[in-house]
Amino acid sequence: MNSGIDLQGTFIESLRDLGIPAGTAKAIWMPLPMILMLIGATVGVLVATWLERKISASAQQRIGPEYQGPFGLLVPVADGLKLVFKEDIVPAKSDPWLFTLGPIIVVIPVFLSFLIVPFGQNIVISNVGMGVFLWIALSSIQPIGLLMAGYASNNKYSLLGGLRAAAQSISYEIPLSLAVLAIAMMSNSLDTVDIVNQQSGYGILGWNIWRQPIGFLIFWIAALAECERLPFDLPEAEEEIVAGYQTEYSGMKFGLFYLGSYVNLILSSLLVAILYLGGWDFPIPLNLIAGWLGVSELNPVFQIVTAALGITMTVFKAYLLVFVAILLRWTVPRVRIDQLLDLGWKFLLPVGLVNLLLTAALKLAFPFAFGG
């Protein structure tokens, strides 16, 4: 298996060759991935908001944005500038500290979750052994911020939205965790890099979606509910509770909720791609292509091409899922709150438990195929 390019090691070694001590070289390296992650996530949000408009316009046979820059590409930039310069209003009888902390607590865990997302063999900010469950732990902090925002607004609609957000998140985190446990059981690891490596070697036939179709559906439905995407946007249902927990928010505080929602969608799509669609793995094994071309896997040019293809495949799979999520928003009607909770507790939870037990049985019966 191709070990990929060690970006961190290469960068530190290059600085040491210039006479910089190893500790200083590591200190210089540390902020770079975080800055790249913030820039990448922000650009991803801009692309997702543009796609939202274009895909929704196509679904409803409208033109969509086309005048703000070529193909309307400057619309997300205009959105961001508008939110930055909009007046920030704090309601008179609200709790100003909690009102301000709410959107911050919502956004920070989502950005931190990008730490464990591998875009290539060694292209990951932090290769944490418990990577997937670190994401689940971080995502469980988000409802606290939503509930805090709803309570601090001193508004009955906001409070209802915050309570709905907490109930929804708790309902869908358990089935999502069960789906992840099934993947961890097959991969014998919770490390996202190990999970992708376990799927590689056989191309598209080795991806977990074929061995875990039920888990894939559970994870995708639960991820949409965690992101509060239609048909699961009950915490901010405009027809029922105005705009839920963000009713009283304006300016950049509202912008943080908006940013967090789209970053969470991209993050969830990336994790689905990593857990079920082979991550950076190409549909045709690259070692076979190297053999056909008569090129060594250790060839530096081949490694650079492999790394570039890996990043491209990860991003492509993620945005394919973003496309599906956006299309669902403009296709499926919103469910009621009782239907939402019934789906989580009465259907997805028992199906997730059965899927976990079935995975354990298949692992014992067919260890060569299910990671025995």
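What counts, and where the lines are drawn
- Residues numbered from 1 in each chain as written.
- Predicted model: local features only at pLDDT ≥ 70, side-chain atom pairs only at ≥ 80, totals over all residues.
- Heavy atoms only, no water.
- Phe/Tyr/Trp six-rings, centres within 6.5 Å; stacked < 30°, edge-to-face > 60°.
- Helix = DSSP H or I, 4+ residues; strand = E, 2+ residues; numbered from the N terminus.
- Salt bridge = Lys/Arg side-chain N within 4 Å of Asp/Glu carboxyl O.
- Buried < 20%, exposed > 50% of the residue type's maximum accessible area, 1.4 Å probe, protein only.
- Expected span 1.5 Å × (residues − 1).
- UniProt positions renumbered as here; feature names shortened; annotations may be inferred.
- Polar contact = N/O pair within 3.5 Å; in protein donor to acceptor, adjacent residues only side chain to side chain.
- Contact = heavy atoms within 4.5 Å.
- pLDDT = per-residue confidence, 0-100.
- Axes fitted to C-alpha atoms, helices over the stretch in contact; angles between N-to-C directions.
- Parallel < 35°, antiparallel > 145°, perpendicular 65-115°, else oblique.
- Left-handed = near helix turned anticlockwise from the far one by under 90°.
- Nonpolar A, V, L, I, M, F, W, Y, C, P; charged D, E, K, R; others polar.
- Core = buried A, V, L, I, M, F, W, Y, C linked by side-chain atoms within 4.5 Å.
- Patch = residues over 30% accessible without salt bridge, like charges linked within 9 Å, V, L, I, M, F, W, Y side chains within 5 Å.
- Areas by Shrake-Rupley, 256 points an atom, 1.4 Å probe, with all protein chains shown as cover.
- 1 Å grid on protein atoms, 1.4 Å probe; cavity = no way out; pocket = protein on both sides within 12 Å on 5 of 7 lines; lining within 4 Å.
- Points joined across faces, edges and corners; volume = space filled by probe spheres on them.

Right, let's get into the packing of aromatic side chains. Under the criterion given, the structure shown has nine aromatic pairs. Here the aromatic rings of Phe99 and Tyr249 are separated by 4.0 Å at their centres, their planes lie at 0°, and the arrangement is stacked. Of this pair, Phe99 sits in helix α5 (residues 96-112) while Tyr249 sits in the loop between α12 (238-241) and α13 (251-276), and the two are 150 residues apart along the sequence. What links up through ring pairs into an aromatic cluster is the set Trp135, Phe216, Phe219 and Tyr276.

Within the structure shown, the criterion is met by seven salt bridges. Between Glu52 and Arg329 there is a salt bridge whose closest N-O contact spans 3.3 Å. Of the two residues, Glu52 sits in helix α3 (residues 31-59) while Arg329 sits in helix α15 (residues 300-329), which places them 277 residues apart along the sequence. Judged by its relative accessible area of 5%, Glu52 is buried.

Taking 1.5 Å of rise per residue, 26 residues should cover 38 Å, and α13 covers 38 Å from first to last C-alpha, within 8% of that figure. Where burial is concerned, most of α13 is hidden: 21 out of the 26 residues are buried. Just downstream of α13, Gly278 is the residue with a positive phi angle, here 80°.

The next thing to look at is the UniProt feature "transmembrane region" (unreviewed entry) in the chain. When the UniProt feature table is mapped onto this chain numbering, "transmembrane region" (unreviewed entry) sits at residues 28-51, 96-117, 123-149, 256-280, 300-327 and 347-370. As annotated, residues 28-51 has a helix share of 96% and a strand share of 0%, and its two end C-alpha atoms lie 36 Å apart.

When you line up the elements, Thr49 lands in helix α3. Engagement of the side chain of Thr49 in a polar contact is seen with the backbone oxygen of Leu46, the distance being 2.8 Å. If we skip the residues at most four places from it in the chain, Thr49 touches Pro76, Tyr258 and Tyr262.

When pLDDT is averaged across the chain, the result is 84; 96% of the residues are at 70 or more. Averaged pLDDT values for the elements of the chain fall to 65 in α12 and rise to 92 in helix α11 (residues 213-226).

Remark: α3 packs on α15, axes separated minimally by 10 Å, with the N-to-C direction vectors making an angle of 40°. The orientation of α3 with respect to α15, classified from their angle, is oblique. Here α3 and α15 pass one another in a crossing that is right-handed. In contact with Gly44, Val47, Ala48, Leu51, Glu52 and Ile55 of α3, α15 contributes Tyr319, Phe323, Ile326, Leu327 and Arg329. For the contact of α3 with α15, a count of residues per class yields eight nonpolar, one polar and two charged.

Take Ile337: it is sitting in helix α16 (residues 337-365). Of the residues examined, Ile337 reaches a relative accessible area of 27% and is grouped as partly exposed. Separated by 173 residues in sequence, Ile337 and Arg164 have C-alpha atoms that sit 8.0 Å apart. Every residue in contact with Ile337, bar those within four places of it in the chain, is listed here: Arg164 and Leu234.

Membership of the largest hydrophobic core comes to 61 residues, with the highest contact counts inside it found for Phe114, Trp135, Phe219, Leu275 and Tyr276. Take this core: its biggest share by element is 12 residues, from α13. Discounting chain neighbours no more than four positions away, the residues touching Trp135 are Ser113, Ile116, Leu176, Phe219, Leu267, Ser268 and Leu271. In terms of nonpolar packing, the next biggest core, distinct from the first, is built from nine residues, Val106, Ala149, Ala165 and Tyr249 among them.

So, about unusual backbone geometry. Backbone geometry at Phe71 places phi at a positive 60°, although glycine is not the residue there. Within the secondary structure layout, Phe71 lies in the loop between α3 and α4 (75-85). Relative accessible area serves as the criterion here: at 62%, Phe71 is assigned to the exposed category. Phi at Glu228 is positive, roughly 60°, even though this residue is not glycine. Take Glu228: it is sitting in the loop between α11 and α12.

In this section: a nonpolar patch on the surface. There is a patch of nonpolar side chains on the surface, built from Leu46, Leu74, Val77, Leu81, Val84, Phe85 and Met252 and spanning about 660 Å² of accessible area. Per element, the largest residue contribution to the nonpolar patch is four residues, and it comes from α4. You can see Val77 is positioned in helix α4. Looking at Val77, the relative accessible area reads 38%, which means it is partly exposed.

Glancing now at empty space enclosed by the protein. Under the criterion given, the structure shown has one cavity of 30 Å³ or more. The calculated volume of the largest cavity comes to roughly 40 Å³. As for the largest cavity, its lining consists of Pro109, Val110, Ser113, Trp135, Leu138, Ser139, Gln142 and Asn264. Elements with a minimum of two residues in the lining of the largest cavity: α5 and α6 (131-139). A total of three residues in the lining of the largest cavity trace back to one element, the largest contributor, which is α6. Tallied by class, the residues present in the lining of the largest cavity amount to four nonpolar, four polar and no charged.

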